[in-house]
Amino acid sequence: MNSENELFGVVPIIPTPFTENEEIDEDALRSLIDFAITSGIEAVCLPAYASEFYKLTDDEKLRVVRVAVEHAAGRIKIVAQSNHPSLKIAIKLAKANVEAGADVISLAVPRIFSLPEDSLKVYLSDFLQSIPETPVLIQDFNPGGSSISVEFIKNLMDENPNFKYLKLEEPLCAPKFDSIIQTTKGKIGLFEGWGGLYMLELIPIGIRGVMPGLAVSDILQRVFNLRRNGEHAKAFDLFEKVMPQIFFSLQNMELFHYAEKELLMARGILKNSIARKAAYIPDPSSVAYIKELNQRVIDVLNDESWEIKPLETSLSKE
């Protein structure tokens, strides 16, 4: 496995942009990749939950990865999510993404129905062994219960050298993160999801990075660096500026799609905030509040004291 594929810092999820008739907008997708590159981000992930992967056909899932890899052209690492509750289809997706040139393959633990860890072990082990030369990031998002156990993680790592990263997104997870790091001797790079909401608690423990939405990724990269460098007060001050937007949008996954794309519009990166139906239709009060929250994020970006590099985008030049 190539050491150049190491992941560190903020690895945002690229949302899937759609046209008015809900077709994938490839030009807009390329703009999102450019935005990540210009922001100083070293890796991005797609198509994940925040990409509406569950609304894409298998061909579309492969297509967005292929477009991202081709447009990135080595300027940024591409983590290709290959989710499917069927192991057979997940492996097919993963192999196609490897062939397309993805740097890392990601897989969400299947959580449509509750499964014992023995069943999950077979699923994940067979997946990992199907692409033994490619580093894999496993995501466990389980709103209905606990994520995979520390013992499970250790055994999976011992048996599969390409299991390199783990993304968890659950509250009160600091003791578990610490236990994973100690048990695996730091061999598994831990990433925090859920918009980065718990990042300030987890950075001192030793997480490898954060996987939030794209729209605030440059701000959270600055927070991550400040916290790691011991500038704790400044890290808290900056994080507190954007936390209301993150917290409000994460109340509902479909609401998150709307708020995320609205913020990308406000930043001049996207032309619309269309999500595929079924989609969250915000009431007028929520529309106004999201606009207000997003404007507060824009105000942070316009404040030069935070030293966040201003962006020039194709839309801002129009």
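Residues numbered from 1 in each chain as written. Predicted model: local features only at pLDDT ≥ 70, side-chain atom pairs only at ≥ 80, totals over all residues. Heavy atoms only, no water.

Q: Where do I start with the overall build of the protein chain in this structure?
A: For the protein chain, the helix and strand inventory stands at 11 helices and 8 strands. Expected size for 318 residues packed as a compact globule is a radius of gyration near 20 Å; at 19 Å, the protein chain falls within 12% of this value. Seen through its principal axes, the protein chain has C-alpha atoms that stretch 50 × 45 × 40 Å. Taken across its 318 residues, the protein chain has 57% of its residues classed as buried. Look at the contacts in the protein chain between residues 6 or more apart in sequence, and 73% of them connect residues 24 or more apart. Taking the average location of the 33 positive side-chain charges in the protein chain and that of its 45 negative ones, the two points are 3 Å from each other. (Helix = DSSP H or I, 4+ residues; strand = E, 2+ residues; numbered from the N terminus. Rg over C-alpha atoms; globule rule 2.2 N^0.38 Å. Buried < 20%, exposed > 50% of the residue type's maximum accessible area, 1.4 Å probe, protein only. Contact = heavy atoms within 4.5 Å. Lys, Arg positive; Asp, Glu negative; His and termini not counted. Charge placed at Lys NZ, Arg CZ, Asp CG, Glu CD.)

Q: Which parts of the structure should I look at to understand the pairing of strand β2 (residues 43-46)?
A: Regular strands place their side chains on alternate faces of the sheet. Along β2, one buried face is formed by Ala43 and Cys45 and the opposite face, lined by Val44 and Leu46, is buried too. For the crossover from β2 across helix α2 (residues 58-72) to strand β3 (residues 77-81), the handedness is right-handed. (Right-handed = clockwise from strand over helix to strand, strands pointing away.)

Q: Mind showing me how you'd approach the side chain of threonine 16 here?
A: For threonine 16, the position within the fold is in the loop between β1 (9-10) and α1 (26-38). Judged by its relative accessible area of 3%, threonine 16 is buried. Polar side-chain contacts of threonine 16 include one of 2.6 Å to the backbone oxygen of serine 51. With sequence-adjacent residues up to four places away left out, threonine 16 is seen in contact with Ile24, Ser51, Glu52, Leu56 and Lys261. (Polar contact = N/O pair within 3.5 Å; in protein donor to acceptor, adjacent residues only side chain to side chain.)

Q: Whenever I open this one, helix α10 (residues 253-266) confuses me. Can you help?
A: Owing to its 3.6 residues per turn, the α-helix brings residues three or four apart onto one side. Taking 1.5 Å per residue, 14 residues should reach 20 Å; α10 reaches 20 Å between its end C-alpha atoms and fits that length. A large share of α10 lies buried, amounting to 11 of its 14 residues. Looking at α10, one finds that the buried residues are Glu254, Leu255, Phe256, His257, Tyr258, Ala259, Glu260, Lys261, Glu262, Leu263 and Leu264. Residues of α10 that are buried in the fold lie against α1, α9 (232-249) and α11 (284-302). The N-cap residue of α10 is asparagine 252: its side-chain oxygen and the backbone nitrogen of glutamate 254 are 2.8 Å apart. One or two positions beyond α10, positive phi appears at glycine 268, with a value near 80°. (Expected span 1.5 Å × (residues − 1).)

Q: How do you make sense of the nonpolar core when you look at a structure like this?
A: Soluble globular proteins tend to bury their nonpolar side chains together. Judged by nonpolar contacts, the single largest core of 101 residues is most densely connected at Phe127, Ile138, Phe163, Leu166, Met199 and Leu220. In contact with phenylalanine 163, other than residues within four places in its own chain, are Leu128, Val136, Ile138, Ile153, Leu156, Met157 and Ile188. Within the second largest apolar cluster, 6 residues are counted, among which are Phe248, Leu255, Tyr258 and Ile290. (Core = buried A, V, L, I, M, F, W, Y, C linked by side-chain atoms within 4.5 Å.)

Q: What should I look at first to understand the sheet that holds strand β7 (residues 189-192) in this one?
A: Strand-to-strand pairing in sheets goes through backbone hydrogen bonds, with the strands running parallel or antiparallel. The strand order across the open sheet built from 8 strands is β1-β8-β7-β6-β5-β4-β3-β2, with neighbouring strands paired in parallel fashion. At either end of the open sheet lies a strand with only one pairing partner, and these are β1 and β2. Taken together, the 4 bridges between β2 and β3 define a ladder with parallel strand orientation. Bridging across to β3, valine 44 finds its partner in isoleucine 78. Against the sheet, helix α4 (residues 117-130) engages β4 (104-108), β5 (136-140) and β6 (163-168), with an angle of about 165° to β4. (Pairing = 2+ DSSP bridges. Axes fitted to C-alpha atoms, helices over the stretch in contact; angles between N-to-C directions.)

Q: Please clarify how helix α5 (residues 150-159) should be interpreted in this entry.
A: Along α5, the positions that sit buried rather than exposed are Val150, Phe152, Ile153, Leu156 and Met157. Looking straight down α5, one finds its buried side chains confined to an arc of 160°; they lie on one side. Looking at the buried residues of α5, the elements they touch are α4, β5, β6 and α6 (174-183). (Arc of directions from axis to C-beta.)

Q: Quick question: what am I supposed to make of the side chain of serine 249 here?
A: Looking at the secondary structure, you find serine 249 in helix α9. Polar contacts involving the side chain of serine 249 include one to the main-chain carbonyl oxygen of glutamine 245, which spans 3.1 Å. Setting aside residues no more than four positions away along its own chain, serine 249 makes contact with Leu255, Phe256 and Ala259.

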